[in-house]
Amino acid sequence: MKKLLHYTVLHQYYRSLCNFSNSKKNLLLAISIFFSGVLYAQAPSNDLCADATSITCGATVTGDTSQATNTGDPMDDCGTANGAPGVWYSLTGNGDIVTLGLCNSSFDTKIRVYSGDCNTLQCAGGNDDSCGLQSEVSFISQPGTNYLVYVFGFGTNTGAFELTATCETPPDPPANDNCDIAIVVT
């Protein structure tokens, strides 16, 4: 009975199309193409860790997590709990203090930073709500180390973001930084 009903409704739809003028048929075709594009939107190119977009010190990039998927998202608690699906960036350390900020974003963001590769993520830090509901994280980078940056949202929040990478040379260590040159306290 269900198949018969489905066939009858579909047959009725096609019969009604035959009575439409060509302009109405074209309009219906355009509407159906538009909505099929909306329903099947593409995930961002950096949706997966392996496809992380490279960024450098001093760079500001924009992106959007609205179409991100949760395929391969990290499920650990690196500085902040899990949330909405996100996107990936990569940065090579140079020994500087690196600050990655999402402060000019349009939604409640989160950020995590890992060292290593996509199969052996090691937490370097994470943050939720550093500048209002947006996030920012700082860490001392190791020269030549690859860092993977995961940008995502609190709860189910998604949207447009601005990721800024700033780097600052750390201050020189104090004169008594090593044990063998310790200052004797009397």
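Residues numbered from 1 in each chain as written. Predicted model: local features only at pLDDT ≥ 70, side-chain atom pairs only at ≥ 80, totals over all residues. Heavy atoms only, no water.

**Points about the pairing of strand β4 (residues 97–101)**
Regular strands place side chains that alternate from one sheet face to the opposite one.
And then number 1: Most of β4 is tucked away, with four of its five residues classed as buried.
And then number 2: Note that β4 and strand β7 (residues 136–140) share five bridges and pair antiparallel. Bridge pairing links Gly101 to Glu136 in β7.
And then number 3: In this sheet, strand β9 (residues 160–168) lies alongside β4 in antiparallel orientation, the contact comprising five bridges. Note that in β9 the partner of Leu100 across the bridge is Ala165. (Buried < 20%, exposed > 50% of the residue type's maximum accessible area, 1.4 Å probe, protein only. Helix = DSSP H or I, 4+ residues; strand = E, 2+ residues; numbered from the N terminus. Pairing = 2+ DSSP bridges.)

**Quick look at the sheet that holds strand β6 (residues 122–128)**
And then number 1: Pairing within the open sheet is mixed, and its five strands lie in the order β1-β3-β8-β5-β6. The sheet is open, and its two edges are formed by β1 (53–54) and β6, each paired on a single side.
And then number 2: In this structure, strand β5 (residues 109–115) lies alongside strand β8 (residues 146–153), joined through seven bridges in antiparallel fashion. From the neighbouring strand, Ser115 faces β8, where its bridge partner is Tyr147.

**So, the nonpolar core**
And then number 1: Among the nonpolar cores identified, the biggest contains 19 residues, and Ile55, Tyr89, Leu100, Ile111, Val151, Phe161 and Leu163 are the most heavily contacted of them.
And then number 2: Among the secondary structure elements, those contributing two or more residues to this core are β3 (87–92), β4, β5, β7, β8 and β9.
And then number 3: Excluding residues that lie within four positions of it along the chain, Leu163 makes contacts with Ile55, Ala59, Thr60, Val61, Tyr89, Leu100, Gly101, Leu102, Ile111 and Val151.
And then number 4: Counting residues in each nonpolar core, the second largest holds seven residues, with Cys49, Trp88, Leu148 and Phe152 among its members. (Core = buried A, V, L, I, M, F, W, Y, C linked by side-chain atoms within 4.5 Å. Contact = heavy atoms within 4.5 Å.)

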